Amino acid sequence: MDMEEKGIKILFLADEPDKGIWDFYTPGKLDGYDLIISCGDLPPQYLSFLATYFKGPVLYVHGNHDECYVDTPPDGCISIEGTIYEFEGIRIAGLGGSMEYSGGIFQFDEKTMRRRVNKLMRRIFFKGGIDIFVTHSPAADLNDSSDLPHKGFQCFHTLLKKYHPRMFAHGHVHMSYSYNQPRLTEKEGMVVINAYQKYEVNFPIPPYR
């Protein structure tokens, strides 16, 4: 990002709480961030904790293990499931869940996820596009794995190709699964982030639309 270009600092989280934030929190540790985004599979107590000490919004999508959110959603946090949240002119769209493998409520087959994607794309159309796409599962053949639970969704590519977000953040595929699991990937000008545990980025604020 150009030094003259204004931006926001985003903390992406997923899959496992970061001990440096939760277990060893000290006052001011979250200072400097403008936005926190969870890509799923984090205890609701963790997100509630962050919302208590963080001055900005805490956004989230559901992971495949987040069924407890139905009864105990994280306090003070904002779900972006199937919708678009705008922050400082940055449009952020979210879709949680993983490929269906055991019948969980946040597990979907390709056909069902495609319907969710199509519904979200209609919302994106009226917003004039998006800047960041947040999911739990990766897209097919883009940071995913070959086993069914960690296989990515092909239908995500339809959204990515049509609206070309600058950033695509996901979780679900733990960095500990493989020594060569990529943290960052670039695809046709889009930055793809595996948000496992935590990853911070500076995202440029777009010019006035």
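Quick summary incoming for the structure in this document. (Residues numbered from 1 in each chain as written. Predicted model: local features only at pLDDT ≥ 70, side-chain atom pairs only at ≥ 80, totals over all residues. Heavy atoms only, no water.)

A separate point is the pattern of salt bridges. With the rule as written, the count across this model stands at 5 salt bridges. A salt bridge links K127 to E86, with the shortest nitrogen-to-oxygen separation between them at 3.1 Å. Separated by 41 residues along the polypeptide, K127 in helix α2 (residues 110–127) and E86 in strand β5 (residues 84–87) bring together distant segments of the chain. In this structure K127 comes out as partly exposed when scored by relative accessible area, which is 39%. Taking relative accessible area as the criterion, E86 reaches 41% and is therefore assigned partly exposed. Between R91 and D131 there is a salt bridge whose closest N-O contact spans 3.1 Å. Of the two residues, R91 is situated in strand β6 (residues 90–95) and D131 in the loop between α2 and β9 (132–135); the sequence distance between them amounts to 40 residues. A relative accessible area of 7% places D131 in the buried class. (Salt bridge = Lys/Arg side-chain N within 4 Å of Asp/Glu carboxyl O. Helix = DSSP H or I, 4+ residues; strand = E, 2+ residues; numbered from the N terminus. Buried < 20%, exposed > 50% of the residue type's maximum accessible area, 1.4 Å probe, protein only.)

Now for the pairing of β9. Burial along β9 is two-sided: I132 and V134 and F133 and T135, pointing in opposite directions, are all buried. By the bridge criterion, 4 bridges tie β6 to β9 in an arrangement that is parallel. Within the sheet, the bridge partner assigned to L95 lies in β9 and is T135. Pairing of β9 with strand β10 (residues 167–170) involves 3 bridges; the strand directions are parallel. The residue of β10 that forms the bridge with I132 is M167. A crossover links β9 with its parallel partner β10, the connecting element being helix α3 (residues 156–163), and its sense is right-handed. (Pairing = 2+ DSSP bridges. Right-handed = clockwise from strand over helix to strand, strands pointing away.)

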